Amino acid sequence: MKIIARYVTKEVFLAFVVITGILLLIVLSNRFAIYLAKAATGELPMGLVLKIVGLYIPELLSYLIPLGFFIAVLFGLGRLYVDSEMTVLSACGISFAYILRLILSLALIMMTITALLTLWIVPEVALMREEALSEGEAFGVMQSLLPGRFQTFSEGKLVFYLENTIKKQDTLKGVFIAERPTDLMKDDHGWTLITAEEAQIKREENTNNFYLVLKDGNRYQGVPGAANYTVVNFREYGRAIPHTAESPSGDILRIKSNSNLLNSSMPEDAAELQWRLSLPLTVPILALVAVPLARVRPRQGRFAKFLPAIVVYIVY
């Protein structure tokens, strides 16, 4: 019995590793292309691309383990049926119920791994990924600034100029910022002009907010042609750096801890918690479906039930 159990387990496990690995590489290559494009346009530093893509691995595995195990059971047991090995095992007294218990024992292991990923590891890694993205976007903005040129941001509402940069110290020298209001006719404050000797990008503690901290400068605000403008001298002045892309709400929910989701009364938080619990439960449920679906005749081929199985998975 032990030899047969090891043989069947090895057959399914090897198929699981190969299938999950291939699916993971396909999805990671798509993520890599997305962030590589952002790095090419200066939205992210090139050195952060691999780090951010790598931080997607636990979340992707939590999705791919149930699917990979489902297909692995189909392929592993399907090969045994096609090669008539299952017929021989049945003649030797190995029942269908024994094979089912064997597959369910493997499914419980996969369910435990998936539960560890979805309930504990993924929220922590997602938080690290969001921090890396925020930091990368902030420094990507800094890298996109070219000395000696006027550059516009926020659809032309913000004009930025700097004389020089010191990359080793992440310092901007001779900074000029001009910001026009959305509606000059309705806004009494008018234009805002800021000049500073130097500036640096700093991150606020315990948050993902980044600020451009300007030092030793002046801030002018008023309507062009009017005398009632204001002048403020400052030693240090901070401006928030907006994110280049808004994070999807799903990513915000993904970083919340289980205790916060459990104590929340928001429907989206309850849905996120139920989603985290549903993924591990998917593994044994699909395993129960995959074992009878894997039964094929030798002349049908091991892929005979693959299309119906995928339909079942999509419907589920």
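Residues numbered from 1 in each chain as written. Predicted model: local features only at pLDDT ≥ 70, side-chain atom pairs only at ≥ 80, totals over all residues. Heavy atoms only, no water.

A. Representation of empty space enclosed by the protein in the model. Under the defined criterion, the tally for this structure stands at 3 cavities of 30 Å³ or more. For the largest cavity, the calculated volume is near 50 Å³. If you go around the largest cavity, the residues you meet are Ser62, Tyr63, Thr118, Val122, Arg254, Glu272, Trp275, Arg276 and Leu279. Put simply, the parts of the chain that give the lining of the largest cavity at least two residues each are helix H3 (57-82), helix H5 (96-144) and helix H8 (267-293). If one sorts the elements of the lining of the largest cavity by residue count, H8 sits on top with 4 residues. Here the residues of the lining of the largest cavity sort into 4 nonpolar, 2 polar and 3 charged. Estimated volume of the second largest cavity: approximately 40 Å³. (1 Å grid on protein atoms, 1.4 Å probe; cavity = no way out; pocket = protein on both sides within 12 Å on 5 of 7 lines; lining within 4 Å. Points joined across faces, edges and corners; volume = space filled by probe spheres on them. Helix = DSSP H or I, 4+ residues; strand = E, 2+ residues; numbered from the N terminus. Nonpolar A, V, L, I, M, F, W, Y, C, P; charged D, E, K, R; others polar.)

B. A look at H3. The largest bend along H3 reaches roughly 40° and is located at Leu64, with the proline Pro66 sitting one to four residues downstream. With respect to burial, H3 is a largely interior element, 22 of its 26 residues being buried. Note on H3: the residue one or two positions beyond its end, Ser84, has a positive phi of about 65°. (Bend = angle between axes of the 7 residues up to and from the residue. Buried < 20%, exposed > 50% of the residue type's maximum accessible area, 1.4 Å probe, protein only.)

C. Quick look at the confidence of the model for the protein chain. Chain-level pLDDT for the protein chain is 85 on average; 87% of the residues reach the 70-or-more range. Element-level pLDDT for the protein chain is lowest in helix H6 (residues 249-254), with a mean of 67, against a maximum mean of 94 in H8. For the stretch residues 244-249, pLDDT sits under 50, and the model shows 7 contacts to residues farther than four places along the chain or on other chains. (pLDDT = per-residue confidence, 0-100. Contact = heavy atoms within 4.5 Å.)

D. Just unusual backbone geometry, in detail. Even without a glycine there, the phi angle at Ser84 is positive, about 65°. Mapped onto the secondary structure, Ser84 falls in the loop between H3 and helix H4 (85-91). Overall, Ser84 belongs to the partly exposed group, its relative accessible area being 30%. You will see that Asp216, though not glycine, has its phi angle at about 55°, which is positive. For Asp216, the location among the structural elements is in strand E5 (residues 210-222).

E. Highlighting a nonpolar patch on the surface. A cluster of nonpolar residues, Phe32, Leu36, Met46 and Leu50, forms a patch on the protein surface that exposes about 390 Å² of accessible area. Mapped onto the elements of the fold, Phe32 is located in helix H1 (residues 2-40). (Patch = residues over 30% accessible without salt bridge, like charges linked within 9 Å, V, L, I, M, F, W, Y side chains within 5 Å. Areas by Shrake-Rupley, 256 points an atom, 1.4 Å probe, with all protein chains shown as cover. Salt bridge = Lys/Arg side-chain N within 4 Å of Asp/Glu carboxyl O.)

F. The arrangement of the packing of aromatic side chains in detail. Under the criterion given, the structure shown has 9 aromatic pairs. Aromatic side chains Phe13 and Phe16 sit 6.4 Å apart centroid to centroid with 35° between the ring planes, which places their arrangement in the tilted category. One end of the pair is Phe13 and the other is Phe16, both in helix H1 and 3 residues apart, which spans about a single turn. The class of Phe13 is partly exposed, set by a relative accessible area of 43%. Between Phe70 and Tyr313 the ring centres are 6.0 Å apart and the planes differ by 25°, which places this aromatic pair in the stacked class. (Phe/Tyr/Trp six-rings, centres within 6.5 Å; stacked < 30°, edge-to-face > 60°.)

G. Looking closely at the packing of H3 against H8. Orientation of H3 relative to H8, taken along the N-to-C sense of each, is 10°, at an axis distance of 9 Å. Comparing their axes, H8 and H3 come out roughly parallel. Mapping the contact onto sequence places Ser62, Tyr63, Pro66, Phe69, Phe70, Val73, Leu74 and Leu77 in H3 and Trp275, Leu279, Thr282, Val283, Leu286, Ala287, Val289, Ala290, Val291 and Leu293 in H8. Looking at the contact of H3 with H8, its residues break down into 16 nonpolar, 2 polar and no charged. (Axes fitted to C-alpha atoms, helices over the stretch in contact; angles between N-to-C directions. Parallel < 35°, antiparallel > 145°, perpendicular 65-115°, else oblique.)

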